[in-house]
Amino acid sequence: MEWCFSMPKVELHAHLNGSIRDSTLLELTKSLGERGVINFSQVEHIIMKYNRSVKEVFQLFDLIRIVTTDHATVTRITREVIEDFASENVVYLELRTTPKRNDAIGMTKSSYVEAVLKGLRSVTSVDVDFIPHGEEEEEHSRTFLLNTPPTGCEDTNNYCRKRIYVRLLLSIDRRETTEAAMETVKLALQMRPFGVVGIDLSGNPLLGDWNTYLPALKFAREQGLYITLHCGEIPNAKEIHQMLDFKPQRIGHAICFEDQHWEILKSSKIPVEICLTSNIRTMTVRSIDVHHFDHLYKAKHPVVLCTDDFGAFSTTLSNEYNIAANAFELGKKELFELSRNAVELIFAERRVKEDLRKYFNSVAKIWE
Ligand code: 5GP
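Residues numbered from 1 in each chain as written. Predicted model: local features only at pLDDT ≥ 70, side-chain atom pairs only at ≥ 80, totals over all residues. Heavy atoms only, no water.

Caption draft 1: Broad picture of the overall build of the protein chain. Broken down by element type, the protein chain carries 16 helices and nine strands. Over its C-alpha atoms the protein chain spans a radius of gyration of 20 Å, differing by no more than 12% from the 21 Å that the globule rule assigns to 368 residues. Put simply, the protein chain has 368 residues, and 56% of those count as buried. Within the protein chain, counting contacts between residues at least 6 apart in sequence, those at least 24 apart form 73% of the total. Counting only carbon and sulfur atoms, one obtains 51% of the accessible surface of the protein chain, whose full area is about 15,600 Å². Here the protein chain contributes 45 positively and 52 negatively charged side chains, and the mean placements of these two sets differ by 1 Å. (Helix = DSSP H or I, 4+ residues; strand = E, 2+ residues; numbered from the N terminus. Rg over C-alpha atoms; globule rule 2.2 N^0.38 Å. Buried < 20%, exposed > 50% of the residue type's maximum accessible area, 1.4 Å probe, protein only. Contact = heavy atoms within 4.5 Å. Areas by Shrake-Rupley, 256 points an atom, 1.4 Å probe, with all protein chains shown as cover. Lys, Arg positive; Asp, Glu negative; His and termini not counted. Charge placed at Lys NZ, Arg CZ, Asp CG, Glu CD.)

Caption draft 2: Spatial organisation of the site of the ligand. Inspection of the region around the ligand gives 17 residues, with T97, T98, K100, G203 and E233 positioned closest. At 2.7 Å from a nitrogen atom of the ligand is found a side-chain nitrogen or oxygen belonging to E233. In the complex, 96% of the free accessible area of the ligand, which totals 510 Å², lies under the protein chains. In the shell around the ligand, the residues fall into three nonpolar, nine polar and five charged. (Near = heavy atom within 4 Å. Polar contact = N/O pair within 3.5 Å; in protein donor to acceptor, adjacent residues only side chain to side chain. Nonpolar A, V, L, I, M, F, W, Y, C, P; charged D, E, K, R; others polar.)

Caption draft 3: Inspection of the packing of helix α8 (residues 178–190) against helix α9 (residues 210–222) at higher detail. Interhelical geometry of α8 versus α9 gives an angle of 20° and a closest axis separation of 8 Å. Taken together, the axes of α8 and α9 are roughly parallel relative to one another. Classified by chirality, the crossing of α9 by α8 is right-handed. Facing α8, whose interface residues are T178, A181, M182, V185, K186 and L189, α9 presents T212, P215, A216, F219 and A220. Classifying every residue of the contact of α8 with α9 by side-chain character gives eight nonpolar, two polar and one charged. (Axes fitted to C-alpha atoms, helices over the stretch in contact; angles between N-to-C directions. Parallel < 35°, antiparallel > 145°, perpendicular 65-115°, else oblique. Left-handed = near helix turned anticlockwise from the far one by under 90°.)

Caption draft 4: Structural detail: the state of the cysteines. Going through the model one piece at a time under the given rule, you end up with zero disulfides. Unpaired in terms of disulfides, C275 finds its nearest cysteine sulfur in C306, a separation of 5.2 Å. (Disulfide = S-S within 2.5 Å.)

Caption draft 5: Layout of the pattern of salt bridges. Summed over the entire model, instances satisfying the criterion amount to 23 salt bridges. Overlapping salt bridges bring together R21, E27, R76, E80, E83 and D84 as one network. (Salt bridge = Lys/Arg side-chain N within 4 Å of Asp/Glu carboxyl O.)

Caption draft 6: Molecular detail of the nonpolar core. Counting 110 residues, the largest nonpolar core has I199 and L356 as its most contacted members. With sequence-adjacent residues up to four places away left out, I199 is seen in contact with L169, L170, I172, T184, V185, A188, L217, A220, L225, Y226, I227 and T228. (Core = buried A, V, L, I, M, F, W, Y, C linked by side-chain atoms within 4.5 Å.)

Caption draft 7: Layout of the pairing of strand β5 (residues 196–202). Taking burial as the measure, the seven residues of β5 include seven buried ones, the bulk of the element. Across six bridges, the pairing between strand β4 (residues 163–173) and β5 is parallel. In the sheet register, L169 faces β5, and the bridge partner there is G198. Remark: the β4/α8/β5 crossover connection has right-handed handedness. Of the strand pairs in this sheet, β5 and strand β6 (residues 226–231) are connected by four bridges, and their pairing is parallel. By the bridge assignment for β6, G198 is matched with Y226. For the crossover from β5 across α9 to β6, the handedness is right-handed. (Pairing = 2+ DSSP bridges. Right-handed = clockwise from strand over helix to strand, strands pointing away.)

Caption draft 8: Representation of helix α14 (residues 317–327). When α14 is considered as a whole, its buried residues turn out to be L317, S318, E320, Y321, N322, A324 and A325. The inward-facing, buried residues of α14 abut α1 (2–6), β1 (9–15), β2 (90–97), α12 (276–281), β9 (303–305) and α15 (332–342). Backbone geometry just after α14 places E329 at a positive phi near 50°.

Caption draft 9: Spotlight on the packing of aromatic side chains. Counted by the stated rule, this structure contains eleven aromatic pairs. On the numbers, 5.3 Å between centres and 70° between planes, the contact of F58 with F61 is edge-to-face. Residue F58 and its partner F61 are both found in helix α4 (residues 54–68); the two are separated by three residues, about one turn of the helix. Classification of F58 as buried rests on a relative accessible area of 16%. Aromatic side chains F336 and F360 sit 5.6 Å apart centroid to centroid with 45° between the ring planes, which places their arrangement in the tilted category. Taken together, the positions of F336 in helix α15 and F360 in helix α16 (residues 350–363) put the pair 24 residues apart, joining distant regions of the chain. Look at F336 and you get buried, because its relative accessible area is 2%. One aromatic cluster in this structure is built from F336, Y359, F360 and W367. For R221, the ring lying beneath its charged end belongs to F246, and the centroid distance is 3.9 Å. (Phe/Tyr/Trp six-rings, centres within 6.5 Å; stacked < 30°, edge-to-face > 60°. Lys NZ or Arg CZ within 6 Å of the ring centre and 35° of its normal.)

What follows is the structure, encoded as structure tokens:
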């Protein structure tokens, strides 16, 4: 486990609010309970339950949404999530979140994203790079990660500070209308100078219809935003086909695929974000030994290990690497290559990719 922790890692599928710390969720829920906004005893079991079905997971997300949707809390959770990923040596994080409106407190989708950005700016314990680089900033992006402290350096002085690139994806929730989805895409375009690089489609897979989001997703693509879709979380052959036909730059999960879908996926080489613990905990995959990671990995299909919701599923990216190491008999070298190959799947600009490649090359000998 120790080497999974110290290995540099790339996280491409992490939902902001699903990554809330257990301690923060309990604190916020208790506080709302004390103020009479919610009945704590009625929701405690949802928080404490270990294995949750897909339905129960989305009940938890609805609770998290009630608890977290104010500006200060969004800012706090963002800061904590960045600190948590950086502390386990994640060097590039693509964090996704659904911009939300809350008229009662004057929150708009735009002010929600501003609160996330405030969270990024408020991190002081690690160095965060989240603003895309212009041509003139070549020097900065050439050296950002190369100055990362050596593995095991624990002091908090400047030399030992951890460094992390963060880029944002805005999520369209499957409950949203075409207009609401379009609003999110327009907001993503507006927020590009602040590190928004793409769009994600997520939310309860039992709800919504592909054709509702399609106009917004097409518009996003025309405007040069990258797209990743939650695909195949439940058996829905028609929608899986439609999503693969759309040719997003990545998909998440890819669980309930039939032979025809595997064929299209493999021939189109769409990379898959794999979330082992999430799939097992939601019981969408029966057990780890039948997880499709194994066959995609052996087929050399592009895959990346991710956490999904490290708070909701009590995991870490290091833990996901450890699970893969044990379940699929992968050694340090193989997992390092998996992590390094994930650099090719990121949505950030060329300079970030180049810096990451150089950084992984510079530490490769440790993992051989
Ligand atoms: P947020 O977007 O509020 O920052 O993060 C939590 C939200 O992400 C959830 O309410 C849900 O819409 C989405 N989400 C988190 N995990 C999953 C997942 O495993 N599958 C799907 N389809 N959506 C998810």
